[in-house]
Amino acid sequence: MSKIETIGIVGAGQMGGGIAHVSALGGYKVLIHDISADRIEKGIATISGNMARQVGSGKLEEKARNEAMARISAAPAMADLAAADLVIEAATEDETVKRKIYAQLCPQLNPEAILATNTSSISITRLAAQTDRPERFIGIHFMNPVPVMKLVELVRGIATEDQTFEAAKTYVNHLDKTITVSEDFPAFIVNRILLPMINEAIYTLYEGVGTVDAIDTAMRLGANHPMGPLQLADFIGLDTCLSIMQVLHEGLSDSKYRPCPLLVKYVEAGWLGRKTSRGFYDYRGDHPVPTR
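The structure displayed is predicted, hence computed values, not measured ones. Per chain, residues are indexed from 1 in the order of the written sequence. Per-residue local features are limited, in this predicted model, to residues with pLDDT of at least 70; the limit for side-chain atom pairs, both in listing and counting, is 80 or more; totals at the level of whole chains, interfaces and linings are taken over all residues. Each side-chain value is worked out from all heavy atoms of the structure, with water and hydrogens disregarded.

In this section: the pattern of salt bridges. Any carboxyl oxygen of Asp or Glu that lies within 4 Å of a side-chain nitrogen of Lys or Arg is treated as forming a salt bridge with it. Tallied over the entire structure, the rule returns 13 salt bridges. Glu 89 is paired through a salt bridge with Lys 98; the nearest N and O atoms lie 2.5 Å apart. For the pair formed by Glu 89 and Lys 98, the shared burial category is buried. Residue Asp 176 is joined to Lys 150 by a salt bridge in which the shortest nitrogen-to-oxygen separation is 3.3 Å. Placement of the pair is Asp 176 in the loop between helix H6 (162–174) and strand E8 (178–182) and Lys 150 in the loop between strand E6 (137–142) and strand E7 (151–156), with a sequence separation of 26 residues. Relative accessibility decides the category of a residue: with a 1.4 Å probe and only protein chains considered, values under 20% of the type maximum give buried, values over 50% give exposed, and everything between is partly exposed. Secondary structure elements are defined from DSSP: runs of H or I of at least 4 residues count as helices, runs of E of at least 2 residues count as strands, and each element is numbered from the N terminus.

Here it is, written out as structure tokens:
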């Protein structure tokens, strides 16, 4: 397997943009693809702005920022990813969407290229089986926000070859991230522990044990968490939280993973957290205000 030099990224949103950001700073050439040129342009502009903030805070030199941005290019067509040695799919946490992407993407790739997914919960083995390269398929799960969070979960599917795993490890190590290796079980390690905690916090709200403010204050000051679980749910996106809980519930068949009905109701209302300006907090004013 040839050395990884060029990273292709499918999805220019928060996660894909973050992966592009750290990959470019790590010295890799980066090709970003999304369903429209506007999305790609917006994603690259966001990366530029985030790097500018790092320069402003003294965490990054201007020269390094300019060099990193020069390594990032738009890939308007999937065929433009043919030059990539490693392609990371960072689309929405929806298995149907991911399968459609692989069906379109695989014929465009170099036969030797590694294909990875940034999924936070879906079976790597099952996703790999939808591709033409299950031996060169792996889960590389970055944490959000990618430029800040140090951890990356590496997850092998049943068919993932050792060469693929070692190449993925080398790539992540070049990004100055810490690797943890998870077996291919629903939601892996971080979200297997984190999301049920968030779901339980929502049940605590649903059952009237405490208000949004009381629950978040209790966990910030009583458990020394940097942010409360409901605030964190809004940051992650309530639709993503629900999706992961559904994967856990369906994959492990245990009632303890049943998504809280209140979480379902918020998602049905379109109150998905920060990205829609309303979730467990209302973000439309100068300061977030609890919605319950």
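From this point on, the discussion continues.
Segmentation of the protein into domains returns domain 1 (4–181) and domain 2 (188–288). Each of domain 1 and domain 2 has a C-alpha centre, and these two points are 27 Å apart. With 16 residues of domain 1 at the contact, the number on the domain 2 side is eight residues. Between domain 1 and domain 2 we count zero salt bridges in total. Nitrogen and oxygen atoms within 3.5 Å of one another constitute a polar contact, given that in protein one can donate a hydrogen and the other can accept it, and given that sequence-neighbouring residues count only through two side-chain atoms. At the junction of domain 1 with domain 2, the criterion picks out four residue pairs in polar contact (both at pLDDT 80 or more). The greatest single-element share of the side of domain 1 that touches domain 2, amounting to three residues, is contributed by E7. Residue ranges assigned to each domain were obtained from an automatic or database domain assignment. Contacts are assigned to residue pairs with any non-hydrogen atoms lying within 4.5 Å of each other.

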